[in-house]
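# Descriptive analysis of the structure
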Amino acid sequence: MSLNEKNASELEFQHVHDVYENIASHFSETRQKPWPNVVKFLSKSKPGAIVLDVGCGNAKYFTNTSDIFQLGCDRSTQLAQICKNRNHQVFNCDCLQLPIRSNCVDLCISIAVLHHLATSDRRLKALREINRVLAVGGQALVYVWAKEQCRNHNLSTYLKQSKINKPKAESTPELTKEFCVESIDVNLPIHTNRSNFIHNDLLVPWKLNQKKKQENESKTHLRYYHVFEEFELKLLCEQIYDCKVIDYYYDQGNWCVIFEKIAI
Amino acid sequence: MKLLTHNLLSSKSLKGVKVGYPLRIVAKDVKINESKFNKEFVKKIIPKLDWQVFINAAVQIGHNNDLSDELIDDYENNDEFLKKVHHLLVEIEIINGELICPETDRVFPISDGIPNLLLNVNEVP
Ligand SMILES: C[S@@+](CC[C@H](N)C(=O)[O-])C[C@H]1O[C@@H](n2cnc3c(N)ncnc32)[C@H](O)[C@@H]1O
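All figures in this text were calculated on a predicted structure; none of them were measured in a lab.

### Concerning the overall build of chain A
Helix and strand counts for chain A come out as six helices and 13 strands. A compact globule built from 264 residues would reach a C-alpha radius of gyration of about 18 Å, and chain A, at 18 Å, matches this within 12%. Expressed as a percentage of its 264 residues, the buried residues of chain A come to 56%. With the model as given, the accessible surface of chain A reaches about 12200 Å², and the carbon-plus-sulfur share is 50%.

Here is the structure:
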């Protein structure tokens, strides 16, 4: 899919930012369990480290230690409020423009955020921003959703949670319905939850829980995703001249990169 | 928003802004959250601060207790000094107020302790 800047930003506004504002509390209830490899990365921090979480959601990766300084940012004001209620330092911004001075962050994570950006330029820009704020020698860990939800015959947790997917689900077809994002006149496929991906750019439905029904909130929200192919994330990082890829791996249906800012 | 957070924030992404640092602070509502003094943390964080910006920020919100804008030499062994820094850096929380871009005067509100640095589409280059 190729969109101009204006349309990309419009799409993200309607099908990412608006959606997170609307589903914030339900989203937060369902996002409590940290991924082990992210926790492992964060455990590298030394006393006095400045640690930034870009797109921190409900602050799932924050701990109560006073040895390091943890700072989170997110576009969603509702999710930022949830972080603040848990006594964490947080501010609102877009990951395309981090309002942070250069060269001051020791460790940075951005988990499941970049796949919400609608063009390759924007995804690269977000990576550049992360690298810019890192101190030389500082490292970042980035997770994005993989198009491949099945590697080496193992289903990702995402597929395993499916009620209909039996272990041999590799060939489960994605039933495609299209949805027209009228404001920008673009058709995007609606993904069938817990199935494999066929498309690279799609809308994934989020159903608000039953309880909310009385409040007329039982609406289904469509979140925009760009799912990444095998080397896509790595290739983006390699376009940044003062950035070195340290590790690249597949974890739970995500492509993951660890990179370091290098001196030039 | 703690002063440690303020020390890192910048408005450089605004169209036409060259440095965008430091942001001026208007504090309307300040709270003190006592927290355990972690000496190791304070010692290690000091060299990462822009010290003058930190002291100026404390002055702007009316909380500077006698720290000089010149960082003292032997601070690592000076517990009294480190405790003062701890207090200013992490115990003071600005609940409501504003951050202001030094070059354009663009106001970023702080409400409920959360600074909002989201830019409008027409404010980015
Ligand atoms: C799938 S959630 C992940 C949250 C958290 N990182 C976690 O792992 O639980 C995606 C988050 O990214 C935020 N987000 C999406 N687009 C963003 C953008 N352009 N700038 C900043 N945050 C963004 C959303 O508000 C949401 O909190």
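Additional details are given in the paragraphs that follow.
### Side note on the sheet that holds strand 4 (residues 105-111) of chain A
Residue and element names in this part refer to chain A. With mixed pairing, the seven strands of this open sheet are ordered in space as 3-2-1-4-5-13-12. The sheet is open, and its two borders are formed by strand 3 (89-92) and strand 12 (243-251), each paired with just one other strand. Looking at each pair of strands side by side, their axes are set apart by 15° on average, direction ignored. In this sheet, strand 4 lies alongside strand 1 (residues 50-54) in parallel orientation, the contact comprising three bridges. Within strand 4, the residue paired with Val-51 across the bridge is Leu-107. In the packing of helix 3 (residues 77-85) onto the sheet, contacts are made with strand 2 (69-74) and strand 3, and the angle to strand 3 comes to roughly 170°. Running over the sheet, helix 4 (residues 120-133) touches strand 1, strand 4, strand 5 (134-145), strand 12 and strand 13 (254-261) and is turned about 150° from strand 5.

### Let's talk about the state of the cysteines
Residue and element names in this part refer to chain A. In this structure the tally under the stated criterion is zero disulfides over all chains. No disulfide involves Cys-56; its nearest neighbouring cysteine sulfur is the one of Cys-83, lying 3.9 Å away. According to the relative accessible area criterion, Cys-56 is buried, its value standing at 6%. Residue Cys-93 stays outside any disulfide, its sulfur separated by 3.7 Å from that of Cys-73, the closest cysteine. Taking relative accessible area as the criterion, Cys-93 reaches 2% and is therefore assigned buried.

### Some thoughts on the interface of chain A and chain B
Contact with chain A, which involves 29 residues of that partner, is made by 29 residues of chain B. Interface of chain A and chain B: buried area, both sides summed, is about 2400 Å²; carbon and sulfur atoms make up 59% of it. Counting the contacts that link chain A with chain B gives two salt bridges. One salt bridge connects A:Asp106 with B:Lys48, and the closest N-O pair in it is separated by 2.7 Å. Our count for the contact surface shared by chain A and chain B stands at 17 residue pairs in polar contact (both at pLDDT 80 or more). Counting residues per element, the ones that place at least two in the side of chain A that touches chain B are strand 2, helix 3 and strand 3 of chain A. Grouping the amino acids of the side of chain A that touches chain B by side-chain chemistry returns 14 nonpolar, eight polar and seven charged.

### A short note on the site of the ligand
Residue and element names in this part refer to chain A. Around the ligand sit 21 residues, and of these Tyr-20, Gly-55, Asp-74, Cys-95 and Ile-111 come closest. For the ligand, an oxygen atom lies 3.5 Å from a polar atom in the side chain of Lys-60. Within the side chain of Asp-74, a nitrogen or oxygen atom sits 2.6 Å from an oxygen atom of the ligand. Computed on the free molecule, the ligand has an accessible area of 590 Å², of which 98% lies beneath the protein chains in the complex. Applying the majority rule of atoms within 2 Å of the grid points places the ligand in the largest pocket. With four residues, the top contributor of residues to the shell around the ligand is helix 1 (residues 5-30). When the residues that make up the shell around the ligand are grouped by side-chain class, the tally is 12 nonpolar, five polar and four charged.

### Examining the nonpolar core
With 75 residues, the main nonpolar core has A:Ile100 and A:Phe259 as its most contacted residues. Judged by nonpolar contacts, the second largest core, of 31 residues, contains A:Tyr20, A:Ala24, A:Ile82 and A:Tyr224.

### A short note on the packing of helix 1 of chain A against helix 3 of chain A
Direction vectors running N to C along helix 1 of chain A and helix 3 of chain A enclose 35°, while the axes themselves pass 7 Å from each other. Taken together, the residues of helix 3 of chain A that come into contact with helix 1 of chain A (itself represented by A:Tyr20, A:Glu21, A:Ala24, A:Ser25, A:Phe27 and A:Ser28) are A:Thr77, A:Gln78, A:Leu79 and A:Ile82.

### Description of the environment of A:Lys261
All names here are of chain A. Its location among the elements puts Lys-261 in strand 13. Taking the C-alpha atoms as reference points, Lys-261 and Asp-242, 19 residues apart in sequence, are found 5.8 Å from one another. Beyond its immediate stretch of four places on either side in the chain, Lys-261 contacts Asn-103, Asn-131, Arg-132, Leu-134, Ala-135, Val-136, Gly-137, Gly-138 and Asp-242. At 3.2 Å, the side chain of Lys-261 forms a polar contact with the backbone oxygen of Asn-131.

The rules behind these values
Counting restarts for each chain, with residues numbered from 1 along the sequence as it is written. Lettering of chains starts at A and numbering of ligands starts at 1, both following the order in which they are written. A pLDDT threshold of at least 70 governs which residues receive local features in this predicted model, and a stricter bar of 80 or more applies before side-chain atom pairs are shown or counted, although totals over entire chains, interfaces and linings include all residues. The basis for every side-chain value is the complete set of non-hydrogen atoms in the structure, without hydrogens or water. What counts as a helix is a DSSP run of H or I of at least four residues, what counts as a strand is a run of E of at least two, and both are numbered from the N terminus. Radius of gyration here uses only the C-alpha atoms, and the compact-globule reference equals 2.2 Å multiplied by the residue count raised to the power 0.38. Burial status follows relative accessibility: with a 1.4 Å probe on protein chains alone, a residue under 20% of its type maximum counts as buried, one over 50% as exposed, and anything between as partly exposed. For every accessible area listed, the method is Shrake-Rupley and the probe measures 1.4 Å; residues are considered covered only by the protein chains on display. Strands qualify as paired when DSSP identifies two bridges or more between them. Axes here refer to lines fitted to C-alpha atoms; in helices the fit is confined to the stretch in contact. Angles between the N-to-C directions go from 0 to 180 degrees. Every residue pair with non-hydrogen atoms within 4.5 Å of one another is taken to be in contact. Disulfide: a pair of cysteine sulfur atoms within 2.5 Å of each other. The quantity reported as buried area is the accessible area (1.4 Å probe) lost by two parts once they are put together, taken as the sum for both. A pair is scored as a salt bridge if a Lys or Arg side-chain nitrogen falls within 4 Å of a carboxyl oxygen belonging to Asp or Glu. Pairs of N or O atoms within 3.5 Å make up the polar contacts considered here, provided that, within protein, one atom can donate a hydrogen while the other can accept it, and that residues adjacent in sequence are counted only when both atoms are side-chain atoms. When residue character is reported, Ala, Val, Leu, Ile, Met, Phe, Trp, Tyr, Cys and Pro are called nonpolar, Asp, Glu, Lys and Arg charged, and the others, Gly included, polar. For this description, a residue counts as near a given molecule or strand if any of its non-hydrogen atoms is within 4 Å of it. Cavities and pockets are found on a 1 Å grid laid over the protein atoms alone: a cavity is a set of points where a 1.4 Å probe fits but cannot escape, a pocket is an open set with protein on both sides within 12 Å along at least five of seven lines, and a lining residue has an atom within 4 Å of such a point. Occupancy of a cavity or pocket is assigned to a molecule whenever over half of its atoms lie within 2 Å of that pocket's grid points. Residue types Ala, Val, Leu, Ile, Met, Phe, Trp, Tyr and Cys, when buried and joined through side-chain atoms within 4.5 Å, form a set referred to as a nonpolar core.

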